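These are the residues of each chain, in order.
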Amino acid sequence: MTRAADGPAPVPSPDNGRIRVRADRERCIGAGLCVLTAPEVFEHDDDEGLVIILEATPAAHHRDNVELARRLCPAGVISVEPA
Amino acid sequence: MSVDLEDAPSFPVPRTVPYQPPESYRQISSRGPLNKVTLWDKRRVWLVTGYAQGRRLLSDPKLSADRTRQEYPTMAPHLGAQAARKLVLVGEDPPIHDIHRRLLNPEFSLKKARALAPRIQELVDGLIDDMLAAGPTADLVQSYALPIPSLVMSELVGVPYEDHKFFQAATAGVMQAREPAETEAAGAQLAQYLGTLVERNLTEPGDGVIGRLVHYVQAGTITAAELTQLSMVLMIAGLETTSSMIPLGVVTLFAHPEQLAAFISGEVPVQTAVEELLRYLAVTDFAAVRWVTDDIEIDDVVIRAGDGIVVSSTMVNRDESVHADPHVFDISRGNRQHLTFGYGIHQCLGQNLARLQLETAYRTLFARIPGLRLAVPFEDLRMRSSGTMQGLESLPVTW
Ligand code: HEM
Ligand code: SF4
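Residues numbered from 1 in each chain as written. Chains lettered and ligands numbered in written order. Predicted model: local features only at pLDDT ≥ 70, side-chain atom pairs only at ≥ 80, totals over all residues. Heavy atoms only, no water.

Brief notes about the overall build of chain B
Inference 1: Scanning chain B from N- to C-terminus turns up 16 helices and 10 strands.
Inference 2: The C-alpha atoms of chain B give 21 Å as radius of gyration, which agrees with the globular expectation for 399 residues (21 Å, within 12%).
Inference 3: Principal axes of the C-alpha set define a box for chain B whose edges measure 60 × 55 × 35 Å.
Inference 4: Considering chain B as a whole, with its 399 residues, one finds that 56% of them fall into the buried category.
Inference 5: Carbon and sulfur atoms make up 53% of the accessible area of chain B, which amounts to about 15,700 Å² in all.
Inference 6: The distance from the centre of the 36 positive side-chain charges to the centre of the 47 negative ones in chain B is 2 Å. (Helix = DSSP H or I, 4+ residues; strand = E, 2+ residues; numbered from the N terminus. Rg over C-alpha atoms; globule rule 2.2 N^0.38 Å. Buried < 20%, exposed > 50% of the residue type's maximum accessible area, 1.4 Å probe, protein only. Areas by Shrake-Rupley, 256 points an atom, 1.4 Å probe, with all protein chains shown as cover. Lys, Arg positive; Asp, Glu negative; His and termini not counted. Charge placed at Lys NZ, Arg CZ, Asp CG, Glu CD.)

As structure tokens, then:
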């Protein structure tokens, strides 16, 4: 199965702008674009160098960066949905 | 979309201007995001020049990076050598790829790269001190671009820097040879050298990546030969790319004085400028080479099982549907939507380290040597004619 070019379609804007962020560590390749793009939300753990979520429901102003991280993630493992 | 199979231009084509794609690339991508091109051995493969198509294909599990298969396209004669075909990690598919990648990921996280920042700064400052003492002229390739990744990778991987003449020549030999026999010989020497190093680390673990991974050999997760090959891939991937990129970036800034001024004044943050240099220069020219294990339908085209695919980072990075005025160099653009580091499961392991080295190299160079300029006319600069990595033969500068 091939994913769409930019992963799943972006979520519609929820009222309070809050979002829920998930990342599938099993398929993360540790490239770190998420940490570079939205450092308040994503981090690499020390042991495996794989993604961890610092803020599962980040404030609205992180939304654009999180969305960009989702689109840039080379393994397509970040998902964003309304909180 | 229809693809004219009769018209498959040659690929790759060398650049004449260091930061501009050859005219033929522009013609190819003006026809659409998926085209056929002809390789040196007359084989026809798909050339992907669209960003969306590149990402979509590189995340498709029907693409294989297995270079030992004859379906895998050989991009230049020397890459047909065994040493270039049997590469761990880059040349592996899941599940073995993921096992190897996971051993290395912790060593290359953003945090790990950032922890190396002070040491990288120190190494770069040392090289500038030497240049200033010997100046007021230098060849930036020899005095700056080659030693930076060589020093960094030798410390990180745990390879004695005193052997740098050997491993620089050997990695360049693998990547830039004109004939398979040369690549074979350079690869064999490098494997033997690193194999001895791995053996030594098995009894006396050093404080580099090799030393930290030997316990996986002792635990039976990987063999000593695999660790040798992993360290070989790290040295090859880490040296050639970064050392080619540093001079290309400098010369691109020289050729755009108003942007250089904005860079030096700090008006544009160094991270932003480096991202644009990465996008614009696409130092590896193509981001990935794969073959297809099963038919794939994309944009009304069917890519057949056994077909070869090459993703052109040079052209994907200039996709008009992603970047406004894509052929314009604009250091304030700051857009990471490029495929210079590839995409999908093989996306560059060393990208955090690469960004950091480039940031440190450019910032320190222009900060510490005011008035730095070319020592020869721009037209006299020559692109290396060997290998597929884009690089300058030399970069004479003065101050
Ligand atoms: C400007 C510098 C660099 C560029 C442009 C670059 C580019 C790339 C590209 C395009 C790929 C993907 C290859 C493919 O999909 O077939 C890749 C993979 C890789 N790079 Fe880099 N690279 C750079 C620096 C480095 C550094 C400093 C290291 C240091 C260790 C490194 C290590 C690797 C490794 C190990 C892989 C294979 C990853 C895998 O197969 O999972 N690279 N690089
Ligand atoms: S960008 Fe994706 S693959 Fe890379 S570290 Fe983040 S989650 Fe993992």
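Here's the deal with the side chain of B:Gln357
Residues and elements named next belong to chain B.
Inference 1: Following the sequence through the fold, Gln357 ends up in helix H16 (residues 351-368).
Inference 2: What makes Gln357 buried here is its relative accessible area of 1%.
Inference 3: Ignoring sequence-local partners within four residues, the contact set of Gln357 consists of Ile120, Ile148, Pro149, Val152 and Thr242. (Contact = heavy atoms within 4.5 Å.)

Examining the sheet that holds strand E1 (residues 34-38) of chain B
Residues and elements named next belong to chain B.
Inference 1: The mixed open sheet is built from five strands, whose spatial order is E1-E2-E8-E5-E3. Every other strand in the sheet has two partners, leaving E1 and strand E3 (63-64) as the edge strands with one partner each.
Inference 2: Relative to strand E8 (residues 308-312), strand E5 (residues 286-292) runs antiparallel, the two sharing five bridges. The residue of E8 that forms the bridge with Val289 is Val310. (Pairing = 2+ DSSP bridges.)

Here we look at empty space enclosed by the protein
Inference 1: A complete count under the given rule lists six cavities of 30 Å³ or more for this structure.
Inference 2: Approximately 100 Å³ is the volume found for the second largest cavity.
Inference 3: Taken together, the residues of the lining of the second largest cavity break down into 11 nonpolar, three polar and no charged. (1 Å grid on protein atoms, 1.4 Å probe; cavity = no way out; pocket = protein on both sides within 12 Å on 5 of 7 lines; lining within 4 Å. Points joined across faces, edges and corners; volume = space filled by probe spheres on them. Nonpolar A, V, L, I, M, F, W, Y, C, P; charged D, E, K, R; others polar.)

Topic: the sheet that holds strand E9 (residues 373-374) of chain B
Residue and element names in this part refer to chain B.
Inference 1: One open sheet holds the three strands; their spatial order is E4-E10-E9, and the pairing between them is antiparallel. A strand with exactly one partner marks an edge of an open sheet, and here the two such strands are strand E4 (137-139) and E9.
Inference 2: With three bridges joining them, E4 and strand E10 (residues 396-398) adopt antiparallel strand pairing. The residue of E10 that forms the bridge with Thr137 is Thr398.

Some words on the coordination of the iron atom of ligand 1
Inference 1: The protein supplies the iron atom of ligand 1 with one donor atom, B:Cys348 (SG), which lies at 2.3 Å.
Inference 2: Locating B:Cys348 in the fold gives a position in the loop between helix H15 (313-316) and H16. (Donors = N, O, S within 2.8 Å, 3.2 Å for Na, K, Ca; no water.)

What to know about the layout of surface pockets
Residue and element names in this part refer to chain B.
Inference 1: Taken as a whole, the largest pocket spans an internal volume of roughly 520 Å³.
Inference 2: Taken together, 27 residues form the lining of the largest pocket, with Ser59, Asp60, Pro61, Pro94 and Ile345 sitting closest to its centre.
Inference 3: Take the lining of the largest pocket: its biggest share by element is three residues, from helix H4 (residues 96-104).
Inference 4: A breakdown of the residues in the lining of the largest pocket according to their chemical character gives 12 nonpolar, five polar and 10 charged.

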